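This is what each chain is made of:
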Number of protein chains: 2
Amino acid sequence: MTHTETIRTLGENESLKRTIARLNSSDHALVGPGDDSAVIAAPDGRFVVTTDTMIEDHDFKLDWSTGYDLGWKAVASNVADVAAMGAVPTALVVALAVPADTEISWLEAFADGLRDACQKLAPGCGVVGGDLAAANQVMISVAAHGSLEGREPVLRSGAQVGDIVAVAGTLGRAAAGLALLQSGNTDAINSYDAVVNTQRRPNPPVAEGVAAAIAGATSMLDLSDGLAKDAARIAKASGVSIQIDRLQLQGFEAILEEPARAIEANEFDWVIGGGEDHSLLATFSPEAKLPRTFKPIGVVIPAGPAPVLLGLQPLPEHGWDSVRG
Amino acid sequence: MTHTETIRTLGENESLKRTIARLNSSDHALVGPGDDSAVIAAPDGRFVVTTDTMIEDHDFKLDWSTGYDLGWKAVASNVADVAAMGAVPTALVVALAVPADTEISWLEAFADGLRDACQKLAPGCGVVGGDLAAANQVMISVAAHGSLEGREPVLRSGAQVGDIVAVAGTLGRAAAGLALLQSGNTDAINSYDAVVNTQRRPNPPVAEGVAAAIAGATSMLDLSDGLAKDAARIAKASGVSIQIDRLQLQGFEAILEEPARAIEANEFDWVIGGGEDHSLLATFSPEAKLPRTFKPIGVVIPAGPAPVLLGLQPLPEHGWDSVRG
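Residues numbered from 1 in each chain as written. Chains lettered and ligands numbered in written order. Predicted model: local features only at pLDDT ≥ 70, side-chain atom pairs only at ≥ 80, totals over all residues.

Tell me about the overall build of chain A, residues and numbers included.
Each helix and strand counted, chain A has 11 helices and 13 strands in total. Taking 2.2 N^0.38 as the reference for a compact globule, 325 residues should give roughly 20 Å; the C-alpha atoms of chain A span a radius of gyration of 20 Å, in line with that estimate. With the C-alpha coordinates aligned to their principal axes, the bounding extent of chain A is approximately 65 × 50 × 30 Å. Considering chain A as a whole, with its 325 residues, one finds that 60% of them fall into the buried category. Restricting to contacts in chain A with at least 6 residues of sequence separation, those with at least 24 account for 86%. (Helix = DSSP H or I, 4+ residues; strand = E, 2+ residues; numbered from the N terminus. Rg over C-alpha atoms; globule rule 2.2 N^0.38 Å. Buried ≥ 20, exposed ≤ 12 C-beta atoms within 10 Å, placed from the backbone. Contact = placed C-beta atoms within 7 Å.)

Structural data, given as structure tokens:
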């Protein structure tokens, strides 16, 4: 029997050393990890910054997600917010709190997830600093940074009446994955493991954020809390309403029909209310040439009785609330 | 009786709205809070970034620190890391997790602490983004950013044999405050409330970081884990040893003699092993004119049997370990 190494037995320094050794470096770091702060290049004289936190039993369960999954997801959810400004992710800092009896192998897997997600979703981006602490439950807090490369940021507030509303990435797939896990239906979970894995390791279309900015997107955000809630954010920030065409959602629904049937759920609820795919929702002038990956799902109309309409019906803003769940 | 408002009853949006309304804005924000990311000016084409986390019952107790204290301390501990690079703090992002039954008044006090610490310790710096989540215990994670204003960053690795070792700020005062709180000796706590308040709301000498950089500091760090441990970090990174002159620590000890006597503690242990004052430790060439606030405490010598010597004796690296305590 080998002795199990935990962060308590190894201490902060050794635990960090083993973890950091597995990470890729950022192409943009002038001074990397190891000093009081890192120094990152910001060639156009600006940087974008965002932060997102995941808490055990509120945002994830350790039974359902490995350390690797959580490292991946922490990167994905944060670089999606950078992409939603039309920026290229450059550098992350990661604060991790775990129970002191957490095995070092869990931390190493977490680091592998951070690394692989950076390399797959945001090449050139890497972890430039972090913090490791002991806590009663796992908490992962990431701040992500990016470069606008001289472009103007794409805000939530720029949607114009007449604009086309479009989505890059999937809708409802992560919510379907969560519902499968919650169902406890092992057959269904195994049959639709690709869907379940979107919940565990989302694949936000990061490069499409830059493509949308170049194509002249008038507004954009990361779909983290569901289409209904997030579209309302653009509508309110822009002083318009968004009319979604249900026909144009059919493609998103179709691929979730089978898993929905397997657990007697409704795929439309996932498509309209499910967050965590971290897809991009953007608006474009009708004259714009949409990047190929953006699928039109509606139009911007003058501010009406509700921020978001599905056809002619107001769409309630159901979705995720990070405090209430 | 009025109904007590908690973040659960108010929900994420309303809780955030009330909190954000109390914050000051950053002078450096081109796009402030409210979008997927903020956009911050980085006039010299670089930015510095650091992150630091505080966990309830590991780094603080809610019985001993108010929401205001914790907001202040979260800013102080992070801007000190920016200052230790020789940079000016510009922008913070703050991730806060609290139990869902936390009263909104606690969050409002936390925001007031963030604001006042920014205005007092790092004028021009403000919170540009954040995240609020529910958790079983309070967790505060901040990422702080700064501008080097065209200067080279001051690293830990530049100390040269013959350099003077100097400190800006207090030593051991926050540790004394913690010991007073832990003693439960109410008389002593009340008699030395200024010392206790250094534990609750540290006052790092942020502007002295820039002053040290301009004066040609060859290395610098933020004293967060205690002089013995942090001096060893400079020594190891620079490939030298640091020899501390106990005589030059007497001023730091003298002002802690009385509280030490009151609770039968040893003030020297606080001065040598206590972190959390977030003072700055730097090295300067013997030809440099030290900023007035830096007090010499030793010299840099060739790498010897121990990274840090107190006089002729190796100094053990006792200090704070964020995992083990």
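Talk me through the packing of helix α4 (residues 173-183) of chain B against helix α6 (residues 193-200) of chain B; I want residue IDs and the actual numbers.
Relative placement of two packed helices is described by the angle separating their axes and the distance separating the axes. Residues and elements named next belong to chain B. The geometry of α4 relative to α6 is characterised by a closest axis approach of 7 Å and an angle of 105 degrees between their N-to-C directions. One way to sum up the angle between α4 and α6 is to call them roughly perpendicular. Along its contact with α4, which presents Arg 173, Ala 174, Ala 176, Gly 177, Leu 178, Leu 180 and Leu 181, the element α6 presents Val 195, Val 196, Asn 197, Thr 198 and Gln 199. Residues that form the contact of α4 with α6 fall into these classes: seven nonpolar, four polar and one charged. (Axes fitted to C-alpha atoms, helices over the stretch in contact; angles between N-to-C directions. Parallel < 35°, antiparallel > 145°, perpendicular 65-115°, else oblique. Nonpolar A, V, L, I, M, F, W, Y, C, P; charged D, E, K, R; others polar.)

Go over helix α4 (residues 173-183) of chain A with me, naming the residues and quoting the values.
Residues and elements named next belong to chain A. Burial runs high along α4: eight of the 11 residues are buried. Buried residues along α4 sit against α5 (186-191), α6 (193-200), α10 (257-262) and α11 (267-273). Just past α4, the residue Gly 184 takes up positive phi, approximately 65 degrees.

Help me get a handle on the relation of the copies chain A and chain B, residues and values and all.
Turning chain A through 180 degrees and shifting it by 0.0 Å along the axis lays it on chain B, with an RMSD of 0.0 Å. Within this description, the copies of the chain are treated as partners about a two-fold rotation axis. Rotation axis and chain A: the residue whose C-alpha lies nearest the axis is Gly 45 of chain A, separated from it by 2.3 Å. (Least-squares fit on C-alpha atoms with pLDDT ≥ 70 in both.)

So what about the nonpolar core? Which residues, and what values?
Counting 224 residues, the largest nonpolar core has Val 79 and Leu 92 of chain A together with Val 79 and Leu 92 of chain B as the members making the most contacts within it. Beyond its immediate chain neighbours, meaning those up to four positions away, Val 79 of chain A contacts Pro 89, Leu 121, Ala 122, Cys 125, Ala 144, Pro 204 and Val 206 of chain A. (Core = buried A, V, L, I, M, F, W, Y, C linked by C-beta atoms within 7 Å.)

Explain the environment of Ile 164 of chain B residue by residue, including any values.
Residue and element names in this part refer to chain B. Relative to the helices and strands, Ile 164 resides in strand β7 (residues 164-168). In this structure, the C-alpha to C-alpha distance between Ile 164 and Phe 47, residues 117 residues apart in sequence, is 28 Å. When near neighbours in sequence (up to four residues on either side) are disregarded, Ile 164 contacts Thr 283, Phe 284, Pro 286, Pro 296 and Val 299.

I'd like to hear about the domain arrangement of chain A, residue by residue, with values.
Residue and element names in this part refer to chain A. We note that the domain assignment places domain 1 (7-147) and domain 2 (164-314) within chain A. Domain 1 and domain 2 are separated by 26 Å when their C-alpha centres are compared. On the domain 2 side, the residues contacting the 18 residues of domain 1 number 17 residues. Take the side of domain 1 that touches domain 2: its biggest share by element is nine residues, from helix α2 (residues 67-83). (Domains from an automatic or database assignment.)

For the sheet that holds strand β13 (residues 313-314) of chain A, give the residues involved together with the corresponding values.
Residues and elements named next belong to chain A. Pairing is mixed across the open sheet formed by seven strands, whose spatial order is β8-β10-β7-β11-β9-β12-β13. Taken across any chain shown, the strands that pair with only one partner, and hence form the sheet edges, are β8 (219-223) and β13. Bridge count between strand β12 (residues 308-310) and β13: two bridges; the pairing is antiparallel. Residue pairing in the sheet places Leu 309 in a bridge with Pro 314 of β13. (Pairing = 2+ DSSP bridges.)

Describe the pairing of strand β5 (residues 126-134) of chain A, and please don't skip the residues or the numbers.
Residues and elements named next belong to chain A. Counting buried positions along β5 gives nine out of nine residues, so the element sits mostly inside the fold. As paired elements, strand β4 (residues 88-98) and β5 share eight bridges and run parallel to each other. Across the sheet, Ala 95 pairs through a bridge with Asp 131, a residue of β5. What joins β4 to β5 is helix α3 (residues 104-121), and the crossover it makes is right-handed. (Right-handed = clockwise from strand over helix to strand, strands pointing away.)

Tell me about the sheet that holds strand β2 (residues 38-41) of chain B, and please be specific about residues and values.
Read from one edge of the open sheet, six strands run β5(A)-β4(A)-β6(A)-β3(A)-β2(B)-β1(B), paired in mixed fashion. The open sheet has two edge strands, β5 of chain A together with β1 (29-31) of chain B, and neither has a second partner. Neighbouring strand axes in the sheet, compared pairwise and without regard to direction, differ in orientation by 25 degrees on average.

Before we move on, could you go through the environment of Gln 137 of chain B and cite the residues and values that matter?
Residue position: Gln 137 of chain B is located in the loop between β5 (126-134) and β6 (139-147). On the basis of neighbour counts, which here come to 17 C-beta atoms within 10 Å, the residue Gln 137 of chain B falls in the partly exposed class. It is 5.9 Å that separates the C-alpha atoms of Gln 137 of chain B and Val 98 of chain B, two residues lying 39 residues apart in sequence. Sequence-distant contacts of Gln 137 of chain B, defined by excluding residues within four places in its chain, comprise Ala 135 and Asn 136 of chain A together with Ile 55, Glu 56 and Asp 57 of chain B.

Please set out the interface of chain A and chain B residue by residue, giving values where relevant.
Counting from both sides, the interface comprises 59 residues of chain A and, opposite them, 59 residues of chain B. Ranked by residue count, the leading element in the side of chain A that touches chain B is strand β3 (residues 46-55) of chain A, at nine residues. Looking at the side of chain A that touches chain B residue by residue, the class counts come to 32 nonpolar, 15 polar and 12 charged. As paired elements, strand β2 (residues 38-41) of chain A and strand β3 (residues 46-55) of chain B share four bridges and run antiparallel to each other. Pairing of Ala 38 of chain A across the sheet is with Val 49 of chain B, part of β3 of chain B.

Could you give an account of helix α1 (residues 7-20) of chain B, with specific residues and numbers?
Since the α-helix packs 3.6 residues into each turn, any two residues three or four apart lie on the same face. All names here are of chain B. In a regular helix each residue adds 1.5 Å, so 14 residues correspond to 20 Å; α1 covers only 14 Å between its end C-alpha atoms and thus falls short of that length. Along α1, the sharpest kink reaches roughly 75 degrees, centred on Asn 13. Those residues of α1 that sit buried are Ile 7, Ser 15, Leu 16 and Thr 19. At its buried positions, α1 is contacted by β4 (88-98), α3 (104-121) and β5. (Expected span 1.5 Å × (residues − 1). Bend = angle between axes of the 7 residues up to and from the residue.)

An account of the confidence of the model for chain A is needed here, citing residue identities and associated values.
Overall, the prediction assigns chain A a mean pLDDT of 95, with 97% of residues at 70 or greater. For this predicted complex, the interface confidence score (ipTM) comes to 0.94, while the overall pTM stands at 0.95. (pLDDT = per-residue confidence, 0-100.)

Any chance you could break down the pairing of β2 of chain B for me, citing the residues and the numbers?
Residue and element names in this part refer to chain B. Taken together, the two bridges between β1 and β2 define a ladder with antiparallel strand orientation. Each bridged residue has a counterpart across the sheet, and for Val 31 the counterpart in β2 is Val 39. Joining the antiparallel neighbours β1 and β2 is a turn of six residues, in which Gly 34 adopts a positive phi near 120 degrees.

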